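# A structural walkthrough
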Amino acid sequence: MPYLLLIHEPPAQRATRTEEEGRAVYAQMQRFGADLQARGLLRAAESLASQQGAARVQVRDGRAHVLDGPFAEAKEMVGGFFLLDCATREEAIAIAQACPAAAWCTVEVRALAPCYET
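Residues numbered from 1 in each chain as written. Predicted model: local features only at pLDDT ≥ 70, side-chain atom pairs only at ≥ 80, totals over all residues. Heavy atoms only, no water.

Looking at an unreviewed UniProt entry, the protein carries the name YCII-related domain-containing protein, with the source organism given as Paracidovorax wautersii. Of the comments in the UniProt record for the protein, the one headed Sequence similarities (unreviewed entry) reads "Belongs to the YciI family." (UniProt positions renumbered as here; feature names shortened; annotations may be inferred.)

Below you can see the structure in the form of structure tokens.
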């Protein structure tokens, strides 16, 4: 069953690291992803850029509203994701617990399902 691990991080966290520290953290995450790939569990994984260049789009009454980032009200941002194939929810949670980002972020575990399912 597919599960998504969403990496939620404080928006300003990246700015507290030196480039060397950031590269070291990124390398940890790449090794984690490579291990998942080798185990046949990984469908996709990506790191997302900060909210600086992001945009939020809503269409209401046929009119589009675009809000450019960064988003001051945001307490956290999605920093990246891992899309997994797991046998059970428990397996996905165990993988999330092993994720290096769990030490400095929150890793949310979500099953993939149609929006009409609860």
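Let us keep going from here.
### Thoughts on the overall build of the protein
Tallying secondary structure elements over the protein gives two helices and six strands in all. Scanning the protein from its N terminus toward the C terminus, one meets helices and strands in the order β-α-β-β-β-β-α-β. C-alpha atoms of the protein, sized along the principal axes, occupy 45 × 45 × 20 Å. Buried positions account for 29% of the 118 residues belonging to the protein. Sequence separation of at least 24 residues holds for 76% of the intrachain contacts in the protein that already meet a minimum separation of 6. Here the protein carries 12 positive and 15 negative side-chain charges, and the mean point of each set is 3 Å from the other. (Helix = DSSP H or I, 4+ residues; strand = E, 2+ residues; numbered from the N terminus. Buried < 20%, exposed > 50% of the residue type's maximum accessible area, 1.4 Å probe, protein only. Contact = heavy atoms within 4.5 Å. Lys, Arg positive; Asp, Glu negative; His and termini not counted. Charge placed at Lys NZ, Arg CZ, Asp CG, Glu CD.)

### Some thoughts on the pattern of salt bridges
Taken as a whole, this structure holds five salt bridges when the rule is applied. The closest approach of N and O atoms between aspartate 35 and arginine 39, which form a salt bridge, is 3.2 Å. Overall, the relative accessible area of 48% leaves arginine 39 in the partly exposed class. The partner of glutamate 108 in a salt bridge is arginine 110, with the nearest N and O atoms 3.1 Å apart. (Salt bridge = Lys/Arg side-chain N within 4 Å of Asp/Glu carboxyl O.)

### Some words on the UniProt feature "domain: YCII-related" (unreviewed entry) in the protein
When the UniProt feature table is mapped onto this chain numbering, "domain: YCII-related" (unreviewed entry) sits at residues 1-112. For residues 1-112, the end-to-end C-alpha separation is 8 Å, with 27% helix and 37% strand making up the annotated structure.

### Topic: the sheet that holds strand 1 (residues 2-9)
In space, the four strands of this open sheet follow the order 2-5-1-6, with antiparallel pairing throughout. In the strand order of this sheet, the two ends are held by strand 2 (42-47) and strand 6 (106-111), each with one partner. Within the sheet, the average angular offset between the axes of one strand and its neighbour, ignoring direction, is 20°. Examined bridge by bridge, strand 2 and strand 5 (residues 77-85) share five bridges and lie antiparallel to one another. (Pairing = 2+ DSSP bridges. Axes fitted to C-alpha atoms, helices over the stretch in contact; angles between N-to-C directions.)

### Thoughts on a nonpolar patch on the surface
Where nonpolar side chains cluster on the molecular surface, the patch consists of Val57, Val59 and Val66 and spans about 290 Å² of accessible area. Here valine 66 is to be found in strand 4 (residues 63-68). Looking at valine 66, the relative accessible area reads 57%, which means it is exposed. (Patch = residues over 30% accessible without salt bridge, like charges linked within 9 Å, V, L, I, M, F, W, Y side chains within 5 Å. Areas by Shrake-Rupley, 256 points an atom, 1.4 Å probe, with all protein chains shown as cover.)

### Some details on unusual backbone geometry
Most peptide bonds take the trans form, and the phi angle of most residues other than glycine is negative. Here the amide bond leading from glycine 69 into proline 70 is cis, since omega sits at 5°, within 30 degrees of zero. By the secondary structure assignment, proline 70 is in the loop between strand 4 and strand 5. One non-glycine residue, aspartate 61, lies in the positive phi region at around 55°. Its place among the elements puts aspartate 61 in the loop between strand 3 (55-60) and strand 4. In this structure aspartate 61 comes out as exposed when scored by relative accessible area, which is 84%.

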